[in-house]
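Coordinate inspection notes
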Amino acid sequence: KVKVLKVLHVIRELIDTEAISICFDMAKVMLCLVVATHITACGWYAIGNISAKENHGETWVTRAGLEGRSIVYKYSTSLHWSLGQFAGAS
């Protein structure tokens with residue numbers, strides 16, 4: 001984490017125009033959103049898998065009919081849900 005902050009600080013010092021500085025700030029915000037969405041999606045999928053053992057197989061994964069789907073499809077579904085949570089969609 002410390003190395004990332006140092007690299008970001010060095011990049012910030014190399015930026016000499018306000019337009020590039022604004023773009024850099026926007027990219028940082030977007031990267032944070034992508035990371036947060038990914039972590040939320042992985043957590044949501046994990047909740048579906050963990051709760052399957054406790055709820056006799058009844059989870060959001062089974063209700064959506066995703067048992068036979070690939071892990072990529074399940075992740076995409078979780079990511080879609082996660083993006084909806086950040087965007088405020090229902």
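Up top is the structure these notes are about.
What comes next is a walk through the structure. (Residues numbered from 1 in each chain as written. Predicted model: local features only at pLDDT ≥ 70, side-chain atom pairs only at ≥ 80, totals over all residues. Heavy atoms only, no water.)

**With respect to the overall build of the protein**
Rules: Helix numbering and strand numbering both begin at the N terminus, where a helix is a DSSP run of H or I of at least 4 residues and a strand a DSSP run of E of at least 2. Our radius of gyration is a C-alpha quantity, and the globule rule it is checked against amounts to 2.2 Å times the number of residues to the power 0.38. For each residue, the accessible area found with a 1.4 Å probe, counting protein chains only, is set against the maximum for its type, and the residue is called buried under 20%, exposed over 50%, and partly exposed in between. Residues count as neighbours in contact if any of their non-hydrogen atoms are within 4.5 Å of one another. Per-residue accessibility takes into account occlusion by the displayed protein chains alone, with areas from the Shrake-Rupley method and a 1.4 Å probe. For the charge count, each Lys or Arg is scored as positive and each Asp or Glu as negative, with His and the chain ends excluded. Note that the charge is assigned to NZ on lysines, CZ on arginines, CG on aspartates and CD on glutamates.
If you tally the helices and strands in the protein, you get four helices and zero strands. Sequence-ordered secondary structure for the protein, helices as α and strands as β, is α-α-α-α. The C-alpha atoms of the protein give a radius of gyration of 19 Å, which is well past the 12 Å a tight globule of 90 residues would have. Principal axes of the C-alpha set define a box for the protein whose edges measure 60 × 30 × 20 Å. Within the protein, buried positions represent 18% of all 90 residues. Intrachain contacts of the protein at a sequence separation of at least 6 include 46% that bridge at least 24 residues. For the protein, the exposed surface amounts to about 7,000 Å²; the carbon and sulfur share of it is 68%. Of the side-chain charges in the protein, 9 are positive and 7 negative, and the distance between the mean point of each set is 8 Å.

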